Amino acid sequence: MNNSKKLIIAIDGFSSCGKSTVAKDLAKKLNYIYIDSGAMYRAITLFCLNNNLIKENNIDESKLKSLINKIKISFKYNTKTGEAETFLNGNNVEDEIRNVEVSENVSPISKIKFVRKNLVKQQQNLGKNKAIVMDGRDIGTTVFPKADIKIFMTADVDVRAERRYKELTQKGLNVSLEEIKENIKKRDHLDQNREISPLRKADDAIILDNSYLTPSEQLSWILDKIEQKTLNFKL
Ligand code: DC
């Protein structure tokens, strides 16, 4: 593969619509770094839960603010699975950050101004050498407003709930389809309506509705768009 150009590829969109699947596939194909920015918001949420900073839906923001610089989030490549895993202060939290309790609490955490400021800075740093695919909600609008390629993903809410249900039950988690659907709907609403960096399509983003596309079909779709958008970029 002659991949002469180092691009920043931003993938934004709704919860559970397969952003990370396509972003990972794309990063592998292009030999780029893949960063799941949602994992960073989830890691901060897990930190809050583990340290009793969330009680009865109230977040102790001043305590979190005083501790935020002590929260170290990193990604390490697992050679066995061939995927990057999320670490929080040195511990592998890749599975824990996907549980329902974290999912239930992550939207309010991701609304906090100093949390976003801190994570956006870290995300921009991770992308300073380009050759990166990052997925999230504000990557094409706030983190990398000058990204070379911007994709905005969406899919039918029932299809998204089914996919997440399958993923979690396959991991052995005891969840119901209905609670997952409700959580997705709630997060869509909160993500789109928060004050800072709400989820919205960047003007120059291309929309990908993958409700009825397989992972390999959506990968081909994006590779096609990249080819159309970039000169001298042969895949
Ligand atoms: O992609 P995800 O579902 O794992 O993300 C978890 C939450 O983090 C999601 O509800 C919204 C928030 N998030 C965000 O606000 N900005 C990002 N760039 C990524 C995620």
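First, a word on scope: everything that follows refers to the structure included in this document.

Here is what the cut-offs are and how they apply
- Residues numbered from 1 in each chain as written.
- Predicted model: local features only at pLDDT ≥ 70, side-chain atom pairs only at ≥ 80, totals over all residues.
- Heavy atoms only, no water.
- Pairing = 2+ DSSP bridges.
- Helix = DSSP H or I, 4+ residues; strand = E, 2+ residues; numbered from the N terminus.
- Expected span 1.5 Å × (residues − 1).
- Buried < 20%, exposed > 50% of the residue type's maximum accessible area, 1.4 Å probe, protein only.
- Arc of directions from axis to C-beta.
- Contact = heavy atoms within 4.5 Å.

## Here's the deal with the pairing of strand E6 (residues 83-88)
The side chains of a regular strand alternate between the sheet's two faces. Strand direction decides the pairing type here: strand E5 (residues 73-78) and E6, joined by six bridges, are antiparallel. Bridged to Tyr-77 within E6 is Ala-84. Where E5 folds back on E6, the antiparallel hairpin that results is connected by four residues, among which Gly-82 adopts a positive phi of roughly 75 degrees. With two bridges joining them, E6 and strand E7 (residues 91-92) adopt antiparallel strand pairing. When the bridges of E7 are listed, Phe-87 appears paired with Asn-92. In sequence, E6 turns back onto E7 through a hairpin of two residues, with Asn-89 there showing a positive phi of about 45 degrees.

## Some thoughts on helix H1 (residues 19-30)
Helix length check: H1, at twelve residues, gives a terminal C-alpha distance of 16 Å against a target of 16 Å (1.5 Å per residue), a fit within 8%. Buried within H1 are the following residues: Lys-19, Val-22, Ala-23, Leu-26, Ala-27 and Leu-30. End-on, the buried residues of H1 take up no more than an arc of 135 degrees, which puts them together on one face. Where H1 is buried, its residues contact strand E1 (8-13), strand E2 (33-36), strand E8 (132-136), strand E9 (149-154) and helix H9 (215-229). The first or second residue beyond H1 is Asn-31, which carries a positive phi of 60 degrees.

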